[in-house]
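Now for the letters of each chain:
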Amino acid sequence: NEAEEVKGTRAREEEVKDDEDQEEKAASADLSGWWEMTNTIRSTNYEDYKGLRLTYRIQLEQDGDRISGRGQKWTENGRTLAGSARTPLVISGEVNGRNVTLKFTERGTRRTTSGGFSWQLSADRTTLRGTFWSTAAETRGSSLARRLP
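To keep things clear, this report deals only with the structure shown in the data block. Bear in mind that the values here come from a model prediction, so they are computed numbers and not experimental data.

**Some thoughts on the pattern of salt bridges**
Here comes step 1: Under the defined criterion, the tally for this structure stands at 4 salt bridges.
Here comes step 2: Between Glu36 and Arg57 there is a salt bridge, with the nearest N and O atoms lying 3.0 Å from each other. Of this pair, Glu36 sits in strand β1 (residues 33-43) while Arg57 sits in strand β2 (residues 53-63), and the two are 21 residues apart along the sequence.
Here comes step 3: Overlapping salt bridges, with partners in common, bring together Lys73, Glu76 and Glu106 in one network.

**Comments concerning the packing of aromatic side chains**
Here comes step 1: Under the counting rule described, the total for this entry stands at 3 aromatic pairs.
Here comes step 2: Aromatic side chains Tyr46 and Tyr49 sit 4.6 Å apart centroid to centroid with 70 degrees between the ring planes, which places their arrangement in the edge-to-face category.
Here comes step 3: Geometrically, the ring pair formed by Phe117 and Trp119 is stacked, given 4.9 Å between the ring centres and 20 degrees between the ring planes.
Here comes step 4: One aromatic cluster in this structure is built from Phe104, Phe117 and Trp119.

**Brief notes about the side chain of Thr40**
Here comes step 1: Here Thr40 shows up in strand β1.
Here comes step 2: For Thr40, a relative accessible area of 12% corresponds to the buried category.
Here comes step 3: If we skip the residues at most four places from it in the chain, Thr40 touches Gly51, Leu52, Arg53, Phe132, Arg140, Gly141 and Ser142.

**Remarks on the environment of Trp133**
Here comes step 1: As for its placement among the helices and strands, Trp133 is situated in strand β8 (residues 127-134).
Here comes step 2: As for Trp133 and Lys103, which are separated by 30 residues in sequence, their C-alpha atoms are 9.5 Å apart.
Here comes step 3: Contacts of Trp133, omitting those with residues within four sequence positions, involve Phe104, Ser114, Gly115, Gly116, Thr139 and Arg140.

**Re the pairing of β8**
Here comes step 1: As paired strands, strand β7 (residues 112-121) and β8 are joined by 7 bridges and run antiparallel to one another. Counted as the bridge partner of Leu121 is Leu128 from β8.
Here comes step 2: Counting the residues between successive antiparallel strands, the hairpin from β7 to β8 contains 5 residues, one of them, Arg125, with a positive phi of roughly 65 degrees.
Here comes step 3: Note: β8 against strand β9 (residues 139-147), 8 bridges, orientation antiparallel.

**A look at the pairing of strand β5 (residues 88-96)**
Here comes step 1: Relative to β5, strand β3 (residues 66-76) runs antiparallel, the two being bridged by 7 bridges. When the bridges of β5 are listed, Gln72 appears paired with Pro88.
Here comes step 2: Direction of pairing for β5 relative to strand β6 (residues 99-107): antiparallel, over a ladder of 8 bridges. Among the inter-strand pairings, Asn96 is bridged to a residue of β6, identified as Asn99.

**Some remarks on the environment of Thr44**
Here comes step 1: In this structure, Thr44 sits in the loop between β1 and β2.
Here comes step 2: Residues Thr44 and Trp133 lie 89 residues apart in sequence; the distance between their C-alpha atoms is 9.7 Å.
Here comes step 3: The contact partners of Thr44, leaving out residues within four places of it in the chain, are Tyr49, Lys50, Ala137, Glu138 and Thr139.
Here comes step 4: Of the polar contacts made by the side chain of Thr44, one reaches the backbone nitrogen of Tyr46; its length is 3.1 Å.
Here comes step 5: Here the side chain of Thr44 touches Ala137 through a polar contact of 2.8 Å, landing on its backbone oxygen.

About the thresholds
- Residues numbered from 1 in each chain as written.
- Predicted model: local features only at pLDDT ≥ 70, side-chain atom pairs only at ≥ 80, totals over all residues.
- Heavy atoms only, no water.
- Salt bridge = Lys/Arg side-chain N within 4 Å of Asp/Glu carboxyl O.
- Helix = DSSP H or I, 4+ residues; strand = E, 2+ residues; numbered from the N terminus.
- Phe/Tyr/Trp six-rings, centres within 6.5 Å; stacked < 30°, edge-to-face > 60°.
- Buried < 20%, exposed > 50% of the residue type's maximum accessible area, 1.4 Å probe, protein only.
- Contact = heavy atoms within 4.5 Å.
- Pairing = 2+ DSSP bridges.
- Polar contact = N/O pair within 3.5 Å; in protein donor to acceptor, adjacent residues only side chain to side chain.

What follows is the structure in structure tokens.
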């Protein structure tokens, strides 16, 4: 039936438009604010680090498509770190639509390490999900950041 085909086509066009609207909202999101980020190490050249969950509290500032930020390591495998063990983190990078690419430097007590994040912003703009890499024991893995209220 031609009327049903037209109706189905219109419904699909509306779905595409809704998806585009969501994409546009996510792309125009300001990521400034506090986030809790957890990196889970999936591969490393130091076997004891495999599976380790490192959580950071970070504050991001967005200016156009540029992002800068700072934060500190907060927990290891869910255990809150003492203040003296909370290593500082400095972040910079950019947003391109829903894609967020950042580099970081972490200043530990014995060494400074660097690395990066490759995230995608969720449609509701509350979650950044993707991967991380670091020069600390050549670690790589998954990364998830959630906006704090």
